[in-house]
Amino acid sequence: MADITMYELPGCPYCAKVRSKLDELEIEYDTIEVPRSHDDRTEVQEVSGQTGVPVIVDEANGIDGMSESDDIVEYLEETYGSGAA
Ligand SMILES: N[C@@H](CCC(=O)N[C@@H](CS)C(=O)NCC(=O)O)C(=O)O
């Protein structure tokens, strides 16, 4: 199993931004495509408390469901990037 799971939607620019950062940092990740209909996004709702994507789960670091692409990119950089301890 990969380090990180990302909930996403094809064509979502915010998801692409997070993907780029994951690829740049060479982090392994699995993806879960959420349904187009918000009413059917039960899994991502349970994980993150909202239905927007992207959302990441990083169990090794206690991240159960982080939303907001800017926050995710910042988190990835701080945790896995050159700024990581
Ligand atoms: N501010 C959010 C915006 C994310 C966003 O708008 N995602 C779209 C798909 S590209 C979505 O899930 N929209 C539905 C929603 O916002 O609930 C971020 O940067 O992560």
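Scroll up to find the structure.
Computed from a predicted structure; not experimentally measured. (Residues numbered from 1 in each chain as written. Predicted model: local features only at pLDDT ≥ 70, side-chain atom pairs only at ≥ 80, totals over all residues. Heavy atoms only, no water.)

### Quick notes on the nonpolar core
Turning to step 1, where the next piece is worked out: If you look at the biggest cluster of nonpolar residues, it comprises 13 residues, and the most contacted ones within it are Ile4, Val18, Leu22, Ile56 and Leu76.
Turning to step 2, where the next piece is worked out: At the level of secondary structure, the elements contributing two or more residues to this core comprise strand E1 (4–8), helix H1 (13–24), strand E4 (63–67) and helix H3 (69–80).
Turning to step 3, where the next piece is worked out: Broken down by element, the residue count for this core peaks at three residues, all from H3.
Turning to step 4, where the next piece is worked out: Not counting the four nearest positions on each side in its chain, Leu76 is found in contact with Ile4, Val18, Lys21, Leu22, Leu25, Ile27, Ile56 and Gly81.
Turning to step 5, where the next piece is worked out: Of all hydrophobic cores here, the second largest spans nine residues; its members include Tyr7, Leu9, Cys15 and Val53. (Core = buried A, V, L, I, M, F, W, Y, C linked by side-chain atoms within 4.5 Å. Buried < 20%, exposed > 50% of the residue type's maximum accessible area, 1.4 Å probe, protein only. Helix = DSSP H or I, 4+ residues; strand = E, 2+ residues; numbered from the N terminus. Contact = heavy atoms within 4.5 Å.)

### Let's talk about the packing of H1 against H3
Turning to step 1, where the next piece is worked out: Running from N to C, H1 and H3 point in directions that differ by 5°, and their axes come no closer than 9 Å. By the angle class used here, H1 and H3 are roughly parallel. In contact with Tyr14, Lys17, Val18, Lys21, Leu22 and Glu24 of H1, H3 contributes Ser69, Asp70, Ile72, Val73, Leu76 and Glu77.
Turning to step 2, where the next piece is worked out: A breakdown of the residues in the contact of H1 with H3 according to their chemical character gives six nonpolar, one polar and five charged. (Axes fitted to C-alpha atoms, helices over the stretch in contact; angles between N-to-C directions. Parallel < 35°, antiparallel > 145°, perpendicular 65-115°, else oblique. Nonpolar A, V, L, I, M, F, W, Y, C, P; charged D, E, K, R; others polar.)

### Describing the sheet that holds strand E3 (residues 55–58)
Turning to step 1, where the next piece is worked out: Within the open sheet, the four strands sit side by side as E2-E1-E3-E4. Their pairing is mixed. Here the strands that pair on one side only, and so sit at the sheet edges, are strand E2 (29–33) and E4. Neighbour to neighbour, the strand axes of the sheet diverge by 20° on average, direction disregarded.
Turning to step 2, where the next piece is worked out: With three bridges joining them, E1 and E3 adopt antiparallel strand pairing. The residue of E3 that forms the bridge with Met6 is Ile56.
Turning to step 3, where the next piece is worked out: Sheet strands touched by H3: E1, E3 and E4. Its angle to E4, the strand with the most contacts, is close to 130°. (Pairing = 2+ DSSP bridges.)

### Considerations on the site of the ligand
Turning to step 1, where the next piece is worked out: By nearness alone, every residue bordering the ligand is listed as Cys12, Pro13, Tyr14, His38, Arg41, Thr51, Gly52, Val53, Pro54, Glu68 and Ser69.
Turning to step 2, where the next piece is worked out: Ser69 places a side-chain nitrogen or oxygen 2.5 Å from an oxygen atom of the ligand.
Turning to step 3, where the next piece is worked out: Bound to the protein, the ligand loses 66% of the 500 Å² it would expose on its own.
Turning to step 4, where the next piece is worked out: Tallied by class, the residues present in the shell around the ligand amount to five nonpolar, four polar and two charged. (Near = heavy atom within 4 Å. Polar contact = N/O pair within 3.5 Å; in protein donor to acceptor, adjacent residues only side chain to side chain. Areas by Shrake-Rupley, 256 points an atom, 1.4 Å probe, with all protein chains shown as cover.)

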